[in-house]
Amino acid sequence: MENCIFCGIVRGELSSYTIFKDEIATAFLDINPVALGHTLVIPNKHFHRLDTINDEEIMKGLMNAVIKVSNLLIDSGICNDFTILNDNGINAQQDIMHTHFHIIPRHHNEKIELKLPTDKEVANTEKLKYTYTLLKQSL
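What this report covers is the structure whose coordinates are included nearby. (Residues numbered from 1 in each chain as written. Predicted model: local features only at pLDDT ≥ 70, side-chain atom pairs only at ≥ 80, totals over all residues. Heavy atoms only, no water.)

1. Overview of a nonpolar patch on the surface
Rules: Residues qualify for a patch when their relative accessible area is over 30% and they have no salt bridge, like charges being joined within 9 Å and the nonpolar side chains of Val, Leu, Ile, Met, Phe, Trp and Tyr within 5 Å. Using a 1.4 Å probe, the Shrake-Rupley method yields the accessible areas, and only the shown protein chains count as cover for residues. Salt bridges are counted wherever a side-chain nitrogen of Lys or Arg sits within 4 Å of a carboxyl oxygen of Asp or Glu. The secondary structure listing takes helices from DSSP runs of H or I that are at least 4 residues long and strands from runs of E that are at least 2 residues long, numbered from the N terminus. Three exposure classes are used, based on accessible area relative to the maximum for each residue type with a 1.4 Å probe and protein chains only: buried under 20%, partly exposed in between, and exposed over 50%.
A contiguous nonpolar patch, built from Y17, I19, L29 and L72 and spanning about 360 Å² of accessible area, is present on the exposed surface. Mapped onto the fold, L29 is located in strand β2 (residues 25–29). Of the residues examined, L29 reaches a relative accessible area of 31% and is grouped as partly exposed.

Right, here's the structure in full:
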């Protein structure tokens, strides 16, 4: 996409702290990090959301990049543990409409707190069975 910030980084038109790049994906430091080493991994080709990627080579290459960068963060001594986040769509709080994974280094006694509350209504057995049925019917 012409006006996409991430596409501009891939094309080399915008500066970044790129730490990994191959034919499928690029990884660079987030300029608004929540932790030292907070990195974004993106596909080089523009995809608005993860669920729009229909090319198996890109799927595999993107996951390979996420794993390589995670290992790079560990091997560099930045962290031993990490969280991977990926938002898809406005309701999921996706801020830049180019598929991207956040790899966030994690440490003991840090300020970051990612706790998702259980929705008790959808956690009951009947709702779980209903959800399971809907998903199985869509296969």
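2. Some remarks on the pattern of salt bridges
Inspection of the entire model under this criterion finds three salt bridges. Of the charged contacts in the structure, one is a salt bridge between R49 and D51, with a shortest N-O distance of 2.8 Å. Assessed through its relative accessible area of 29%, R49 is described here as partly exposed. You can call D51 exposed: its relative accessible area is 55%. Ionic pairing is found between E110 and R106, a salt bridge with its closest N-O pair at 2.2 Å.

3. Observations concerning the sheet that holds strand β3 (residues 39–43)
Cut-off, in case you're wondering: A pair of strands counts as paired when DSSP detects no fewer than two bridges linking them. A fitted line through C-alpha atoms serves as each axis, taken over the contacting stretch for helices, and the angle formed by two N-to-C directions is quoted from 0 to 180°. Residue contacts are counted whenever heavy atoms from the two residues lie within 4.5 Å of one another.
Pairing in this open sheet of five strands is antiparallel, and the strands run β1-β2-β3-β5-β4 from one edge to the other. The open sheet has two edge strands with one neighbour each: β1 (18–21) and β4 (81–85). The average angle at which neighbouring strand axes cross in this sheet is 20°, direction not considered. Pairing of β2 with β3 involves five bridges; the strand directions are antiparallel. Residue A25 lies in a different strand from β3, and its bridge partner there is P43. Against the sheet, helix α2 (residues 56–75) touches β1, β2, β3, β4 and β5 (101–106), its axis set at about 165° to β3.

4. Remarks on the side chain of H102
Note the following rule: The definition of a polar contact used here is a pair of N or O atoms within 3.5 Å, where within protein one atom must be able to donate a hydrogen and the other to accept one, and adjacent residues in sequence count solely through side-chain atom pairs.
Tracing the backbone shows H102 in strand β5. One polar contact links H102 to H38, side chain to side chain, over a distance of 2.8 Å. If we skip the residues at most four places from it in the chain, H102 touches D30, H38, T39, L40, T83, I84 and L85.

5. Some remarks on a negative patch on the surface
We count it as follows: Counted as positive: Lys and Arg. Counted as negative: Asp and Glu, with His and the chain ends omitted from the count. A single reference atom marks each charge: NZ on Lys, CZ on Arg, CG on Asp, CD on Glu.
Side chains of E23, D55, E56 and E57 sit close together on the surface and give a patch of like negative charge. By the element assignment, E23 lies in the loop between β1 and β2.

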